[in-house]
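# What the coordinates show
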Amino acid sequence: MKLPVSWLYDFVDVRDVPVEELAHRLTVSGLEVGEIRFVGWKMPVRAEGEKQAFKISGLEWDPEKFVVAEIRAVNPHPNADRLVLCDLFDGQQERVVLTGAPNLFEYKGKGPLDKPLKVAYAKEGAVLYDGHKDGWHLTKLKKAKIRGVVSDSMVCSEKELGISEEHEGIIIFDDDAPVGVPLADYIGDAVLDIDILPNNARNANVLGIAREVAALFDRPLRKPETSLQTVGESLLGKARIEISDPALNPRFMLGLIRDVQIGPSPYWVQRRLRLAGMRPVNNVVDATNYAMLEIGEPLHAFDYDVLRQRAGGDPVTIITRAARDGEKLVTLDGEERTLSSVNVLVCDARGPLSIAGVMGGLESEVTENTRNVLLEAAAWNYINIRRTANQHALHSEASYRFSRGVHPALAEDGLKRGLYWMAQWSGGQVAPDFIDNYPLPPKTVRVQISSNDVRRLLGLELSAQEIAALLGKLEFACEVDGETVTATVPPFRMDIGEGVIGRADLAEEIVRLYGYDRLPETGVRDVIPPRPVNPLYDLEETLRDSLVKLGLQEVVNYRLTAPEREARLYAAAPEQAPAESDYVRLANPIAPEKRVLRRHLLASVLDVLERNQRLDDSLAFFEIGPVFIPSDGPLPDEPHELALVMQGARREPAWDDARPPQLDFFDLKGVLEALLADLQLGPARFEPLRDHPFFHPGKAARMIVQEQEIGLFGQLHPLVQDACELDKAPVLAALIDLDGLLNAAPRRAIRPISPFPPVLEDIALVVDEEIPAGQVEALIRQTGGKLLADVRLFDVYRGEKIGAGKKSLAYSLTYQAPDRTLTDKDAAKLRKKIIKRLERELGAQLRG
Amino acid sequence: MLDKLQQIETAALTALDAVQDEAALDAWRVRYLGRQSELMQVFSGLGQLSKEERPAVGRAANQVKVKLEAALDEKRAALKEAALERALREEKVDVTLPGRAPRRGRLHPSTQTLRRILGILGEMGFQVFTSREVELDEFNFQYLNFPPDHPAREMQDSFYVEAGERGDNPVLLRTHTSPGQIHAMRYYAAMNPDNPPPIRIALPGMCFRYEQITARSEVQFNQVEGLVVGENVTFSDLKGTLAEFARRMFGPQARVRFRASYFPFTEPSAEVDVECFVCGGKGCPVCKHSGWLEILGCGMVHPVVLQNGGYDPQRYTGFAFGMGPERQAMLRHKIEDIRYFWGNDIRFLKQF
Ligand SMILES: [Zn+2]
């Protein structure tokens, strides 16, 4: 909400408080000021880079250069039809001022004016906005000759002064404007842009903020004047109100004003409306808007004669009800609206007149011919208003307020204030009596809160009297009984609950007025509660550390993706790709490429690989996080996965090592083995994985730990690699199941280090090509038993020397006993046993 | 004979002077001290000498041998020293050539910031509690005191999931980690429903908002919330806890400032400004010259939320606070564009 500070002064006198301090106190107490726009008043001066609590914009009017002046005659320009020369008095001297303002043309050549025109006058040297340029550009008034006439000063439009975008003509003040007074003193202002949070809906008006300011600065609040002089016949009997559902419409009031003269509002009203962000229309409509901005009650003005005509001589009957689906109404913007049962209508006996709380109908709106105005002030169910405003995209100042809740008690204040201003500005006469149908007054809320409650919730020591005094500032009626305060919630607030909720609500009001800044800083006295077990989270953190240590970069991707992105993983077997319906789908995606939740973490990580192609010689990424799989229930399963990919050089290239070998299957396998070692798992068993669509059938494996498969890895299938638009170098990828890892039991015990020397020995064995190395090693280990401390494959050889279809595997064996020094004889015995068994079971031959 | 020994010694020492390297030294040793050397022949010829001559020659030969051996050792040491000096003088590398880079992995900057936050909260007794990312409206909103059609829902535009007609309880992507408050309270309350234990947890995780993706706004972001529930937990404790957190997170001088605010699931609520850690509160572009950074939202857990979590609000109170790791990382590292986080460009990631 945009609040002109001069308007605030109507209700609370804080003229002595600097605007910035006012903004600061409002901000700290929950009405956050986003920006202060100065419109004439002196702006704070600051050194470069100095602390500045608020965004500050606007224009200051130099009191020496900008004054109120009067135009005494408007004369034609000798050389230009579209310019005039004004005889002007600025309070000190008479001057001739050149202008092209169209709103002066009607006075051209009429000689001395009977009633001088009061205007905003800027002298030579004044800094103001250039009215002829789009946007806001400052310019300084200089002496210039225009069509043969010297001009060094000007009469200003609102745009030139920074009040609004208005540049159709110059400002013409109300007749009582004091000539010679600095303009800043007369109409200077500052506008606070205040962010109204939902709990502060009651303060989306000048009076509400004034009430807060009065409480914060301990000043009296001047309530708005609403006493009305009434004339003529009573409204009673001339209209009646039928409310079909009080839950939708708890209150509906009508007032009548006769013989209005439709015309523009006084200038000060137009100015305030514009500063508050509304467009002035005419004195009747402006009065409804002005009163709404003051009180917070949106009003709606009907042309009473149109309603009477529709009633055909009967009393005007206002009916409020839910709309029927498909019912139509032409709203005052000329649009025909098709309504639904969520919308609430204000109707008469003939049919709909307006969409309640949102927008009036065209037929009954106030026009320049309107003479008599029936003014509506009502209360509506905020949910219906909110849904209606959203449904028809009709967001107005009225629907903004009604959709956040307006207390029904405000209807009367708003109605009176609206009629008060209408009578003042349009010359109309208010008819005696209102019609008030109030079937559902809200319950008066009373909340008990004690010193003990305040201590328990806030940690503050306040007596019941102190509590009552604080709440009293915000118009809570308080009774003190011992240490307990019973607070009656004032009749403009709907944000205070009852019982334990009400106590929390009051606690906020108390601490707000006490001052958040005065709140002490204490520590929680409870002992630290037991730790909930979170093994999955712990595992993920361990994996992250391990993978980073192993040289992989962690990435975090969007959870949102598109099925076709993930289908690229199935390029080698498109028929296996998940269907759109296999995904968790968004009902309101922001873009087609983000319309489902991911099923495959690997697809995300491959995306990253693709985006970083050629940005580095060696790429290695991993991600840990959830994937989303639809389940039988409303919520999907969210298993957590680990996916990692590697591609490119095995080492970072260097100046003497420009082309290191490319990463291959065994680099990835090494990473995974190291990962398992970090988790105290393993050794793992590896089995060929031949039929998985993501992987090269000859270069992929399952990783098995404690007889449970915990992951798949290998070289990406070439077709998948193509589909993902990746460079040719082999892509290694792994998918690890975190649940599987969680289920595997880590080995905690550490083996003792033997103090006895080991016996080292190498053997080379020739076996058939088909025999996996893992099988050979397993057999060696098994046969060597406890005395075989380590086995390491150090060479694989194929060649003529050993013949086609064969390979030579060279192992380095370490024999060691925990309790004695092994002799050569012990070692020879073991060796013989191992070789015998390999010969027998695998047809291996010891190589010379 | 003694003259001959004298000659041997002189010749040997003269030859030794000329020796310049280890190889020549070895040759010298063979020539003058080796088995075939003249000196050794003197020793082996001692038997042919007369009894009278023998002791004197033997003694003299021995003296020469000792002398030559000492000279040899000295020469060897000198040569070694000279060689080392030469090596140190002559061998050198161009220290400006690039080093051979080991492959380095890094944590994603969000993880790094999350860890920093969770590490500090952990030291303060907050244990990590995680919960799901796809939620029911009940958990994301209703149990947290956002009834259907509540205006506060406009502060959190949601992504909804296709899940058939579900009336007022649609499925959505959580807009904050706060549904975890309900899950956690129910988890703890289930331990002892009549006497639920106190809670002190941190809730980290990914959240989602229906927003256009721009330099300033993202559809997903991490959040960390703290939740404390107990029988003696006050708003002042919240302020003290956050002041302590700020000192640990942003430095011992960091001060906090509370401003009244609004969240449906807390009452009273506050926005927390922390003194700008870039300028120390003096004013700078990062804090828009205010000296303060808006870092946290917080408040006392709303009685309705306590009730929905299984904690009697007449007996228990609690507080909660939330913050955004990406926002903190952006402030700390002067990152101008939030899209960098999920862009995963290594040129960005490598800088952390
Ligand atoms: Zn700063």
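Residues numbered from 1 in each chain as written. Chains lettered and ligands numbered in written order. Predicted model: local features only at pLDDT ≥ 70, side-chain atom pairs only at ≥ 80, totals over all residues. Heavy atoms only, no water.

## Regarding the pattern of salt bridges
Under the convention used in this document: By definition here, a salt bridge exists when the distance from a side-chain nitrogen of Lys or Arg to a carboxyl oxygen of Asp or Glu is within 4 Å. Where helices and strands are cited, they refer to DSSP runs of H or I of at least four residues and of E of at least two residues respectively, numbered from the N terminus. Burial classes: relative accessible area under 20% of the type maximum marks a residue as buried, over 50% as exposed, and values in between as partly exposed (1.4 Å probe, protein chains only).
Per the stated rule, a full pass over the model turns up 89 salt bridges over all chains. Where Glu541(A) meets Arg115(B), a salt bridge forms, and the shortest distance between an N and an O atom there is 2.8 Å. Within this pair, whereas Glu541(A) is found in helix H15 (residues 535-549), its partner Arg115(B) is found in helix H5 (residues 109-123), the two belonging to separate chains. In this structure Glu541(A) comes out as buried when scored by relative accessible area, which is 14%. Through salt bridges with shared partners, one network takes in Arg202(A), Glu212(A), Arg493(A), Asp495(A), Glu509(A) and Arg512(A).

## With respect to the nonpolar core
Convention followed: Side-chain atoms within 4.5 Å link the members of a nonpolar core, which is a set of buried Ala, Val, Leu, Ile, Met, Phe, Trp, Tyr and Cys residues. Contact between two residues is taken to exist if any of their heavy atoms lie within 4.5 Å; hydrogens are not considered.
Leu22(A), Leu26(A), Ile36(A), Leu192(A), Phe235(B) and Phe321(B) are the most contacted members of the largest nonpolar core, which has 169 residues in total. Top contributing element to this core by residue count: helix H5 (residues 206-217) of chain A, with 9 residues. Ignoring anything within four residues of it in the chain, the contact list for Leu22(A) reads Val5(A), Leu8(A), Val14(A), Val17(A), Leu192(A), Val213(A) and Phe217(A). Core analysis: the next-biggest nonpolar cluster, separate from the first, contains 84 residues, Tyr570(A), Phe159(B), Val161(B) and Ala189(B) among them.

## A closer look at the pairing of strand S35 (residues 695-705) of chain A
All names here are of chain A. Which entries qualify depends on this criterion: If DSSP finds at least two bridges between two strands, the strands pair.
Relative to S35, strand S34 (residues 685-688) runs antiparallel, the two sharing 4 bridges. When the sheet's bridge partners are listed, Arg685 is paired in S35 with Ile704. Counting the residues between successive antiparallel strands, the hairpin from S34 to S35 contains 6 residues. Pairing geometry for S35 and strand S36 (residues 708-716), over 7 bridges, is antiparallel. Opposite Ala701, over in S36, you have Phe713 as the bridge partner. From the end of S35 to the start of S36, which pair antiparallel, there are 2 residues, and Gln706 there has a positive phi angle of about 50°.

## Remarks on the domain arrangement of chain A
Residue and element names in this part refer to chain A. Put simply, the rule is: An automatic or database domain assignment supplies the start and end points of every domain. Buried area: the sum, over both parts, of the accessible surface (1.4 Å probe) that disappears when the two are put together. Two N or O atoms form a polar contact when they lie within 3.5 Å of each other; inside protein one atom must be a possible hydrogen donor and the other a possible acceptor, and for residues adjacent in sequence the pair counts only when both atoms belong to side chains.
Taken domain by domain, chain A consists of domain 1 (2-60 + 190-217), domain 2 (66-187), domain 3 (239-437), domain 4 (446-514), domain 5 (535-743) and domain 6 (759-846). In this complex, domain 1 contributes 15 residues to the contact, which on the side of domain 3 involves 15 residues. Sorting the residues of domain 1 by area buried against domain 3 places Trp7, Ala204 and Asn205 first, and these three jointly supply 39% of that buried surface. Linking domain 1 with domain 3 are 1 salt bridge. A salt bridge links Arg272 to Asp10, with the nearest nitrogen and oxygen atoms 2.7 Å apart. Put simply, domain 1 and domain 3 have 7 residue pairs in polar contact (both at pLDDT 80 or more) between them. For the side of domain 1 that touches domain 3, the elements supplying multiple residues, two or more each, are strand S1 (2-4), helix H1 (5-9), strand S2 (32-40) and H5.

## A word on the confidence of the model for chain B
We apply this condition: Known as pLDDT, the predictor's per-residue confidence is scaled from 0 to 100.
Averaged over all residues, the pLDDT of chain B equals 92, while 100% of them reach at least 70. The complex prediction reports pTM at 0.88, with the ipTM value standing at 0.89.

## Some words on the interface of chain A and chain B
Operational definition: Each residue gets one of three labels, nonpolar for Ala, Val, Leu, Ile, Met, Phe, Trp, Tyr, Cys and Pro, charged for Asp, Glu, Lys and Arg, and polar for the others, Gly among them.
Taken residue by residue, the interface counts 100 residues in chain A and 106 residues in chain B. Interface area for chain A against chain B, summed over the two sides, is near 8800 Å², with a carbon-plus-sulfur share of 55%. For the chain A face of the interface with chain B, the top three residues by lost area are Arg456(A), Tyr558(A) and Ile590(A), together amounting to 8%. Linking chain A to chain B there are 51 residue pairs in polar contact (both at pLDDT 80 or more). Those elements that provide at least two residues to the side of chain A that touches chain B are helix H2 (19-28), helix H9 (382-391), helix H12 (451-458), helix H14 (499-514), H15, strand S29 (553-554), helix H17 (601-611) and strand S32 (618-626) of chain A. No other element matches H14(A), which puts 9 residues into the side of chain A that touches chain B. Tallied by class, the residues present in the side of chain A that touches chain B amount to 52 nonpolar, 18 polar and 30 charged.

## Focus on the domain arrangement of chain B
For chain B, the domain assignment lists domain 1 (2-89) and domain 2 (109-131 + 179-349). On a C-alpha basis, the centres of domain 1 of chain B and domain 2 of chain B stand 86 Å from each other.

## A look at the sheet that holds strand S40 (residues 806-815) of chain A
Residue and element names in this part refer to chain A. We count it as follows: Lines fitted to C-alpha atoms define the axes here, with helix axes fitted over just the stretch in contact, and angles between the N-to-C directions of these axes take values from 0 to 180 degrees.
Spatially, S39-S40-S38-S41 is the arrangement adopted by the 4 strands of the open sheet, whose pairing is antiparallel. In this open sheet, the two strands that pair with only one neighbour each are strand S39 (788-797) and strand S41 (845-846). Summarising the sheet, strand S38 (residues 759-768) and S41 pair through 2 bridges and their orientation is antiparallel. The residue bridging Leu765 from the neighbouring strand is Leu846, located in S41. This element, helix H21 (residues 773-784), spans S38, S39 and S40 of the sheet and lies at about 30° to S40.

## Let's talk about the state of the cysteines
The bond known as a disulfide is covalent and runs between the sulfur atoms of two cysteines. Residue and element names in this part refer to chain B. Heads up, the condition is: Defined by distance alone, a disulfide is two cysteine sulfur atoms within 2.5 Å.
Counted by the stated rule, this structure contains 0 disulfides over all chains. A disulfide-free cysteine, Cys207 has its sulfur positioned 17 Å from the sulfur of Cys298, the nearest such atom. Among the residues examined, Cys207 registers a relative accessible area of 0% and is labelled buried.

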